Amino acid sequence: MSMSKSISRKNGVILALDVTDEKSALTISRDVADFIDAIKIGYPLVLGTGLSIAEKLSRIAPVIADFKVADIPNTDRLICEHVFEAGCDAVIVQGFTGPDSLFECVKTADDYKKKVFVVAEMSHPGGDHFFTDGVSKEIAAMAKKSGAFGIVAPATRPERVKELRGVIGNSMKIISPGVGAQGGSAADTIKAGADWVIVGRSIYGAKNPKEEAEKIKKEIEKYI
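Cut-offs used in this document
- Residues numbered from 1 in each chain as written.
- Predicted model: local features only at pLDDT ≥ 70, side-chain atom pairs only at ≥ 80, totals over all residues.
- Heavy atoms only, no water.
- Phe/Tyr/Trp six-rings, centres within 6.5 Å; stacked < 30°, edge-to-face > 60°.
- Helix = DSSP H or I, 4+ residues; strand = E, 2+ residues; numbered from the N terminus.
- Buried < 20%, exposed > 50% of the residue type's maximum accessible area, 1.4 Å probe, protein only.
- Lys NZ or Arg CZ within 6 Å of the ring centre and 35° of its normal.
- Arc of directions from axis to C-beta.
- Contact = heavy atoms within 4.5 Å.

A. Structural view of the packing of aromatic side chains. In the structure shown here, the tally under the stated rule is three aromatic pairs. Seen in terms of ring centroids, F117 and F149 are 5.5 Å apart; in terms of plane orientation they differ by 85°. Their pairing is edge-to-face. In this pair, F117 sits in strand 5 (residues 115–119) while F149 sits in the loop between helix 6 (133–146) and strand 6 (150–152), placing the two residues 32 residues apart along the sequence. Judged by its relative accessible area of 25%, F149 is partly exposed. Over the face of the ring belonging to F149 we find K115, whose NZ or CZ atom lies 5.5 Å from the ring centre.

B. Fine view of helix 7 (residues 158–168). Taken residue by residue, helix 7 has R160, V161, L164, R165 and I168 as its buried positions. One side of helix 7 carries all its buried residues, which in axial view fall inside an arc of 140°. Opposite the buried face of helix 7, by more than 90 degrees, sit the exposed residues K162 and G166. The elements touched by buried residues of helix 7 are helix 6, strand 6, strand 7 (173–179) and helix 8 (186–192). Looking one or two residues beyond helix 7, the residue adopting positive phi is G169, at roughly 75°.

The following block contains the structure:
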C-alpha cells in the first residue's frame, strides 16, 4: 500500500485535475502545489493515464479520488480498496445508494485510515433536480451518522452550503465544487461554511495556473 499524504486545511483550495495526460497533470500540480491543499482526480485523468497516476500525484499533495462510488456494498468495498491502495487519501461516494453501501465505504476507509466524502448535492444547474432540499439534507444526515469525514456541497449555491452545514454541524468537513468556470464565488462559499473550494478549469485551463491558484488562495485567506 502506498503511503499518501493526508489532507489538512492550509490554503482552502482543492485542485480538480481533469486533464487527461500525465505530463500536464504532473506539471500543473507541481506549479500550483504551494497554493492548494489537495488534488481531486476523476475518471477523465484516470481513464487517460491509469490509476497509477494517483501515487505520482500523492508525492505532490494529498489525492482525493472523485469516483462518486455508487454500487452495492461489496462492489463499493472493492473500489475503495483499490483507491486507497493506489495512494489516495480520500474517496468521494454517493449516498443515494443507501446506508449499507455508504457504511461499507466508510468502514473500508477506516480500515485504511483514510477518508470518505459523500455527495449531498452537485454543483451544475441540474444538480438540484433530484437532489432536492429534503433529499440533500437526508443524505447529509446519513453521512454524519456513517462517520464520513465530510460532504460535497455546491459552491454555485452557497445558501445550500450554509443549510447543509446546519445539518452536519462543525464536526465534519465540506468541500465545494463549482468555483470559477461554473460561476461560484470562492469567498462566498467559504463564508457560507465550506472548508475547501474545489477549482478545476479556472486553474488548469489558465495561461498561468500558478497565478490563478494564488489568486483564489488570496481571495479566501482571510476567511480561513
